[in-house]
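So the chains spell out like this:
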Amino acid sequence: MRKNIIDGVKPFSDFYFKTCYYHQLIAALSCFGIAAENVLMNTLMLAHDNFVVEDRDYYTDKELVSKLGCKIKKCNINQRALVRNIDKGNPIIVGIDCFYLESRTWTYMQRHDPHYILAYGYDLDKDIAYVVDQDFANDSKYKIKTMPLSNLLYASEQFRRGKMCKKYTSRIISNKNSGHARVSIYDFIPAEQILLSKAASKNNLTKLKQMLREDTETLQKQIKKINDYIYSLKRYFFTVTKANFFQETERSEQLSNLIGAYGLIQAAMWKVNIKHCFDLTPNQIEKLVHNIDQIIELEDRVYTYIAEVCR
């Protein structure tokens, strides 16, 4: 066969989730009719005191894929293996060194970065690979596109043999059976852990209010840690939007408002850090404090909803 494309691939672009690898894993599983929620609901972020976030998965990637009725196999890819697997209906997550991939113009011949692309089709006569990838740097939008197959394979080979020297560059995803189990970490996490996370988050937010009003020196020292913390919690609540226990309109609106409030505080703290301006006006401080109070109030409800469905 000179050309073949696997049907049903759906890029995940609702929000940025962990890494490019997980975006491609979600897209690969979509070829078998497996919803993104099953990958998203395998992860949990627990807040701890002093702006620490614990990022926890219940299943390993291999266990998760197996639970979903599929199989994941590490490999190094060449044209023959790519064609053979796509002909079998197996999408391939191809690891590449961005320094050698022409379509990533912001890194091509400039910077060695590891990256993953989903290959789900080929056309040998036109030297085309059908893939899922981004168009721009730091872009959360993954989309269906094409690129030269020869260049994709070369960038993957350099990922293995070049500066990064990876033993295995790629992952073949295959379907073992037609029945796919539902995955949710909340089936295994005690409600007490969720409530402890709620309490730690409230402590952190209260501490941030105190820094804004009285202790800008500590705020300046911890600004990067605080920004990372806020970003992680915002990302976590994005994953929760996919949970079926937030489909009710009122709960969905509260969760959406919480994400929006985190977005506002994230933008403000990012601007403070970039401009290195920690001497905020009283009006600016009170606006931020009001925003934080909103987060505390909304988190109280959202964490309570999450705890209700835990074991």
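The structure we're discussing is the one just above.
Now for the pattern of salt bridges. All told, the structure shown has 19 salt bridges when counted by the stated rule. It is possible to trace a salt-bridge network through shared partners that takes in Asp135, Lys143 and Lys145.

Even without being a glycine, Asn50 presents a positive backbone phi close to 65°. By secondary structure assignment, the location of Asn50 is in the loop between β2 (43-48) and β3 (52-57). The partly exposed category is assigned to Asn50, whose relative accessible area is 32%. The phi angle at Asp127 is positive, at roughly 55°, despite the residue not being glycine. Mapping Asp127 onto the fold places it in the loop between β6 (114-123) and β7 (128-133). By relative accessible area, Asp127 is classed as partly exposed at 30%.

Helix length check: helix α6 (residues 191-214), at 24 residues, gives a terminal C-alpha distance of 35 Å against a target of 34 Å (1.5 Å per residue), a fit within 8%. Listing the buried residues of α6 in full gives Ala191, Ile194, Ser197, Lys198, Ala200, Ser201, Asn204, Leu205, Leu208, Lys209, Met211 and Leu212. Taken together, the buried residues of α6 touch β2, α7 (216-240), α8 (249-275) and α9 (282-308).

Right, let's talk about the packing of α6 against α7 for a bit. Interaxial distance between α6 and α7 falls to 10 Å at its minimum, and their mutual angle equals 145°. Remark: the crossing between α6 and α7 carries left-handed chirality. Contact with α6, carried on its side by Ser201, Asn204, Leu208, Met211, Leu212 and Glu214, involves Thr216, Thr218, Leu219, Gln222, Ile226, Tyr229 and Ile230 of α7 and no other residues of that element. The residue inventory of the contact of α6 with α7, partitioned by class, reads seven nonpolar, five polar and one charged.

Turning next to the nonpolar core. Membership of the largest hydrophobic core comes to 111 residues, with the highest contact counts inside it found for Tyr186, Ile194, Phe237, Met269 and Ile306. Counting residues per element, this core draws most heavily on α9, at 12 residues. With sequence-adjacent residues up to four places away left out, Ile194 is seen in contact with Leu44, Leu46, Tyr186, Ile189, Tyr303, Ile306, Ala307 and Cys310.

Definitions and limits used
- Residues numbered from 1 in each chain as written.
- Predicted model: local features only at pLDDT ≥ 70, side-chain atom pairs only at ≥ 80, totals over all residues.
- Heavy atoms only, no water.
- Salt bridge = Lys/Arg side-chain N within 4 Å of Asp/Glu carboxyl O.
- Helix = DSSP H or I, 4+ residues; strand = E, 2+ residues; numbered from the N terminus.
- Buried < 20%, exposed > 50% of the residue type's maximum accessible area, 1.4 Å probe, protein only.
- Expected span 1.5 Å × (residues − 1).
- Contact = heavy atoms within 4.5 Å.
- Axes fitted to C-alpha atoms, helices over the stretch in contact; angles between N-to-C directions.
- Left-handed = near helix turned anticlockwise from the far one by under 90°.
- Nonpolar A, V, L, I, M, F, W, Y, C, P; charged D, E, K, R; others polar.
- Core = buried A, V, L, I, M, F, W, Y, C linked by side-chain atoms within 4.5 Å.

By themselves, these figures tell us nothing about what the structure is for.
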